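Examination of the molecular architecture
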Amino acid sequence: MTARFDLVVVGGGINGAAVARDAAGRGLSVLLAEANDYASATSSASSKLIHGGIRYLEQYEFRLVRESLHERETLMRIAPHLVYPLRFLVPVTRGQPRPAWMVRLGLILYDLLSGRKLLEKTGRLSAAAAAAVPRLRPDGVRAVLHYPDCWTDDARLTLETLLDARARGADIGNYRPVTKIEPAGDGYRVTFREDGRPRTVEARYVVNAGGPWANAVLGKVEGGAAPEKRLRLVRGSHIVVPMPEPKETRAFTLQNDDKRVVFVIPWLERFLIIGTTDVPHEGDPAKPACSEAERDYLLACYRRFFDHPVTAADVVWSWSGVRPLVDDGSDNPSKVTREYELVSHRQGAGGMISIYGGKITTHRKLGELVMSALQDLGAEMAGPWTKTAPIHGGTLDRAALARLAEAGPEAVPAEVRRRWVFTYGAATADIYAAIADDPALAQDVAPGIPEAELLHAVSVEDAKTAEDFLYRRTKTFILQDADGIDAVTGWFARRQRTA
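Values in this document were obtained by computation on a predicted structure and should not be read as measured data.

Interaxial distance between helix α13 (residues 466-473) and helix α14 (residues 482-498) falls to 8 Å at its minimum, and their mutual angle equals 130 degrees. The orientation of α13 with respect to α14, classified from their angle, is oblique. Along the contact surface, α13 presents Ala 466, Phe 469 and Leu 470, while α14 presents Ile 485, Val 488, Thr 489 and Phe 492.

The following block contains the structure:
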């Protein structure tokens, strides 16, 4: 007998995760199908910021900025292990397209729109404090302003949102490529592959959260009845360089000569992230890569502001993501709106909603709007709830997480326990319990990666491959040499052979 759900979500990025979580918590039966791994495309390739988007003020996108700023504090409350404050410095130099008074005015507006309760006010460093900023070139610096935003691990935020949906009853699965969507009376029949075999379910509603592949998902609808939007694919690339000494704990927002904004973000206490670019993306959105021109653009911008002679040889990693933006006709990729749009299509007493655009900061709010759109199509459900409920792993504040790290098994090094609590949050206690049951699981498979962590990633977090674990469940790939990566790869290979 074919299983029936209220809702099938196609796509396991941040938007699909938000929809699945919200719907499951409102009492709907939900199935989510992701073709590859969760957050394996755009949702693991962002700038890793939860931010208002100060540069969008120039485009008069005040509603988007205000919503993003309010969501910033909401996410700090419901995901404290993954979202935390980061102070941004904005050096303003002579001859920049935006003078100091204009930037300060924008930051005051940022404050007014934010409704902040947890974060500091914007402001300006004293001359002495500005002069003491390490490596900042003093030539021509007119002012150094500051403002707060937040950092996150984008892939884990997506995953924890999905795990929360599962805890509320949703059927969540990765490596489930949808092959066909058939209109069927008051809803749809959705076919996807699972463990190498086809599986078909029925659903009254479908939400298309395919991101860059949103229109490709619609191409799987027999009869092609669902309307499409024209997408503008814009590539954003980032590079990673080693952290210089003295270490930097603050981030920077740099104004380049072309009016673009480039961020410099401390990462893992060992690296700096420099990004991002905005260039049109041609070709397969599954295979974006940072071009030499983008790399050199980011390095040149960094060197313009800092006396730190980084070169292409210093780049230890780079990544690119494709932003699926709604095409608004703008000639400049940086000015294409980051607003999201929903397109609804009725199918009898059911229907389909396609999501276009959006940003990671506003994913929770987007989930609420999709619920409202489903209600417009006739869905019955409970009211909004996600604004105050912690996501999976998010029940402890950062002080409590620090105490949890200290209380862990002595067989696991302190730095590993600290990484765990700010990766898995409260669920770190489950890894501790596994080690208490079997102390051998505290032994490393690769440096700093005990076997208990790998088992947790497989059994709880659906990691199927070494890449799933090293790049998305964690970022431990960048802390490993080739032997460490081979050890984790071999561990997954052995599990597959014995499965």
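Right, let's talk about the pairing of strand β6 (residues 141-152) for a bit. Regular strands show a simple pattern: their side chains alternate between the two faces of the sheet. The element β6 is largely enclosed, with a buried count of 10 among its 12 residues. The pairing of strand β4 (residues 83-93) with β6 spans 11 bridges and is antiparallel. The partner of Val 90 across the bridge, within β6, is Leu 145.

For the rest of this paragraph, the subject is unusual backbone geometry. Residue Glu 245 is joined to Pro 246 through a cis peptide bond whose omega torsion reads -5 degrees. With respect to the helices and strands, the residue Pro 246 is situated in the loop between β11 (231-242) and β12 (251-255). In this structure, the amide linkage connecting Gly 275 to the following residue, Thr 276, adopts the cis form with an omega of 20 degrees. The topology assignment puts Thr 276 in the loop between β14 (271-275) and β15 (279-280). A positive phi angle, close to 65 degrees, is found at Lys 48, a residue other than glycine. By the element assignment, Lys 48 lies in the loop between β2 (30-33) and β3 (49-50). Positioned with a positive phi, Asp 195 is a non-glycine residue whose angle comes to about 55 degrees. Mapped onto the fold, Asp 195 is located in the loop between β9 (188-194) and β10 (197-208).

Turning next to a nonpolar patch on the surface. On the surface, a nonpolar cluster with roughly 350 Å² of combined accessible area is contributed by Trp 101, Met 102 and Leu 105. Examined against the element boundaries, Leu 105 turns out to sit in helix α3 (residues 100-114). Overall, Leu 105 belongs to the exposed group, its relative accessible area being 52%.

Residue placement: Arg 472 occurs in helix α13. Accessibility expressed as a relative area gives 8% for Arg 472, which makes it buried. Engagement of the side chain of Arg 472 in a polar contact is seen with the side chain of Asp 37, the distance being 2.7 Å. A polar contact of 2.8 Å, which involves the side chain of Arg 472, links it to the side chain of Asp 468. With near-sequence residues (within four places) excluded, Arg 472 lies in contact with Asp 37, Tyr 38, Ala 39, Ser 40, Ser 44, Ala 155, Arg 156, Tyr 175 and Glu 467.

Within the secondary structure, Ile 54 sits in the loop between β3 and α2 (62-78). By relative accessible area, Ile 54 is classed as buried at 18%. Leaving out residues up to four positions away in the same chain, Ile 54 has contacts with Leu 107, Tyr 110 and Tyr 147.

Before going further, it helps to examine the pattern of salt bridges. Scanning the entire structure with this criterion turns up 34 salt bridges. The shortest N-O distance in the salt bridge between Lys 475 and Asp 153 comes to 3.6 Å. With Lys 475 in the loop between α13 and α14 and Asp 153 in the loop between β6 and α5 (154-167), this residue pair connects regions lying 322 residues apart in the sequence. Summarising the burial analysis for this pair, Lys 475 and Asp 153 share the class buried. Among the charged side chains, a network of salt bridges with common partners joins Asp 37, Glu 467, Asp 468, Arg 472 and Arg 473.

Moving on, we get to helix α11 (residues 428-437). What α11 keeps buried is the set Thr 428, Ile 431, Tyr 432 and Ile 435. End-on, the buried residues of α11 take up no more than an arc of 100 degrees, which puts them together on one face. Across from the buried face of α11, at angles greater than 90 degrees, the exposed residues are Asp 430, Ala 436 and Asp 437. Buried residues along α11 sit against α9 (398-406), α10 (414-424) and α12 (451-459).

Turning our attention to the nonpolar core. Membership of the largest hydrophobic core comes to 60 residues, with the highest contact counts inside it found for Phe 469 and Val 488. With residues near it in sequence (within four places) discarded, Val 488 still touches Val 445, Ala 446, Ile 449, Leu 454, Ala 466, Phe 469 and Leu 470. Counting 31 residues, the second-largest nonpolar core is a separate cluster that includes Leu 7, Leu 163, Ala 373 and Leu 377.

Let us now look at the environment of Arg 495. As for its position among the elements, Arg 495 is in helix α14. Residue Arg 495 is classed as partly exposed on the basis of its relative accessible area, which comes to 37%. Residues Arg 495 and Val 458 lie 37 residues apart in sequence; the distance between their C-alpha atoms is 9.9 Å. For Arg 495, the residues in contact, after removing those within four places along its chain, are Leu 455 and Val 458.

Rules used in this analysis
Residues numbered from 1 in each chain as written. Predicted model: local features only at pLDDT ≥ 70, side-chain atom pairs only at ≥ 80, totals over all residues. Heavy atoms only, no water. Axes fitted to C-alpha atoms, helices over the stretch in contact; angles between N-to-C directions. Helix = DSSP H or I, 4+ residues; strand = E, 2+ residues; numbered from the N terminus. Parallel < 35°, antiparallel > 145°, perpendicular 65-115°, else oblique. Contact = heavy atoms within 4.5 Å. Buried < 20%, exposed > 50% of the residue type's maximum accessible area, 1.4 Å probe, protein only. Pairing = 2+ DSSP bridges. Patch = residues over 30% accessible without salt bridge, like charges linked within 9 Å, V, L, I, M, F, W, Y side chains within 5 Å. Areas by Shrake-Rupley, 256 points an atom, 1.4 Å probe, with all protein chains shown as cover. Salt bridge = Lys/Arg side-chain N within 4 Å of Asp/Glu carboxyl O. Polar contact = N/O pair within 3.5 Å; in protein donor to acceptor, adjacent residues only side chain to side chain. Arc of directions from axis to C-beta. Core = buried A, V, L, I, M, F, W, Y, C linked by side-chain atoms within 4.5 Å.

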